[in-house]
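Topology and contacts: notes
In case you want the letters, here they are:
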Amino acid sequence: YLPHVGGGTWATYHLSSRLSNKGYNIELIVPNIKHKLSIPREYSIVMEKKNSSTVRRTPIFPFPREVAPFLSGFFVFCTGLRLGKGANVVVAQYHPHTFLAPFAILLGRVLKIPVILRADDVYREMGNPPRLAEKIMNMLNEYFAKYAKAFLVVCSEQKRTLLSRQGQRNFESRVFLSINGVDLSEFKVSEGTPEIRETLDFRNDEKIVLFIGRYSAKEYGIEILIRALSIIQKRVPDVLLVLVGDKLTPSQLSL
């Protein structure tokens, strides 16, 4: 969650915001982590004010990202015990390389309420290749996932990936597709394409391939897209690749 600005941030932001607007009392329990992908606090405050959910950061001090996969679930669990006595449901972010999902399942058992897990991805290959600790965390996460009342994923491919590893007939009925944090009211169709191209210094006849996301880590494979550009240009000479994201690595810059 904010001030972190990764993919999972916006799903949490919009889901909690929509439920709050419908009259539900939402308590967001957020691990207080020093993220690499954080925006300045003054920007984060402005955005947080648009979400009427109550945000509880735990612990009161930020702790290093390196230990977050092991410690964040513990802090969330303890805060959940303190605040969750009147709750109806626990909705928890699932990630292959953190212990948040097992702690959420345990919290639901203690509070005797259902737990819903939602994932931006269910891939175990992140880490390139995964370290032993990550492999252990992956196995534990997937073991506890079967105890969730429902499991939300963002596309049918992830549903197939998850079911192929669970191997349980009754699990399929509890896996559903969910939004991934896109609020369509934030967007509008542009009617001034030539003016926008001129502002960005693009020619009107250029074919644009636009990539928006993170590309500094190995597992994102942006090198494939950069290398493919020369092949594409043989078929479409006036193609332009536009990358919008974080900082390119030295090897990516050399390409």
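My aim in this report is to walk through the structure given alongside it, one point at a time. All values derive from a computational prediction rather than experimental measurement. (Residues numbered from 1 in each chain as written. Predicted model: local features only at pLDDT ≥ 70, side-chain atom pairs only at ≥ 80, totals over all residues. Heavy atoms only, no water.)

On to the overall build of the chain. Counting its secondary structure elements, the chain contains nine helices and eight strands. Oriented by its inertia axes, the alpha-carbon framework of the chain measures out at about 60 × 40 × 35 Å. Split into buried and exposed, the 255 residues of the chain put 36% on the buried side. Partitioning the intrachain contacts of the chain with sequence separation of at least 6 by distance along the chain shows that 77% fall at a separation of at least 24. (Helix = DSSP H or I, 4+ residues; strand = E, 2+ residues; numbered from the N terminus. Buried < 20%, exposed > 50% of the residue type's maximum accessible area, 1.4 Å probe, protein only. Contact = heavy atoms within 4.5 Å.)

For the structure on display, the rule yields eight salt bridges. Here R41 and E48 are joined by a salt bridge, their closest N and O atoms 3.0 Å apart. Taking relative accessible area as the criterion, R41 reaches 41% and is therefore assigned partly exposed. Take E48: its relative accessible area is 13%, and that puts it in the buried class. Across the pair R57 and E48 runs a salt bridge, and its minimum N-O distance is 2.9 Å. Through salt bridges with shared partners, a single ionic network connects R41, E48 and R57. (Salt bridge = Lys/Arg side-chain N within 4 Å of Asp/Glu carboxyl O.)

In this section: the sheet that holds strand β5 (residues 150-153). Pairing is parallel across the open sheet formed by four strands, whose spatial order is β3-β4-β5-β6. Only two strands of the sheet have a single neighbouring strand rather than two, namely β3 (90-94) and β6 (175-177). Adjacent strand axes in the sheet meet at a mean angle of 25°, parallel and antiparallel pairs treated alike. Relative to strand β4 (residues 115-119), β3 runs parallel, the two sharing five bridges. Across the sheet, V91 pairs through a bridge with I116, a residue of β4. Across the face of the sheet, helix α6 (residues 156-166) comes into contact with β4, β5 and β6 while running at roughly 165° to β6. (Pairing = 2+ DSSP bridges. Axes fitted to C-alpha atoms, helices over the stretch in contact; angles between N-to-C directions.)

What follows deals with the pairing of β5. Regular strands place their side chains on alternate faces of the sheet. Residue alternation in β5 divides its side chains into two sets, A150 and L152 and F151 and V153, and both sets are buried. The sheet contact formed by β4 and β5 spans three bridges and is parallel. Among the inter-strand pairings, L117 is bridged to a residue of β5, identified as F151. Note: β5 against β6, three bridges, orientation parallel. Bridge pairing in β6 places V153 opposite L177.

Right, let's get into the packing of aromatic side chains. We describe a pair of aromatic rings using the distance from one ring centre to the other and the angle between the two ring planes. All told, the structure shown has 12 aromatic pairs when counted by the stated rule. On the numbers, 5.8 Å between centres and 65° between planes, the contact of F74 with F75 is edge-to-face. For F74, a relative accessible area of 44% puts it in the partly exposed group. Here F211 and Y215 contribute two aromatic rings whose centre-to-centre distance is 6.1 Å and whose plane-to-plane angle is 45°, an arrangement assigned as tilted. Assessed through its relative accessible area of 4%, Y215 is described here as buried. Following the ring pairs from residue to residue traces out a cluster consisting of Y1, W10 and Y13. (Phe/Tyr/Trp six-rings, centres within 6.5 Å; stacked < 30°, edge-to-face > 60°.)

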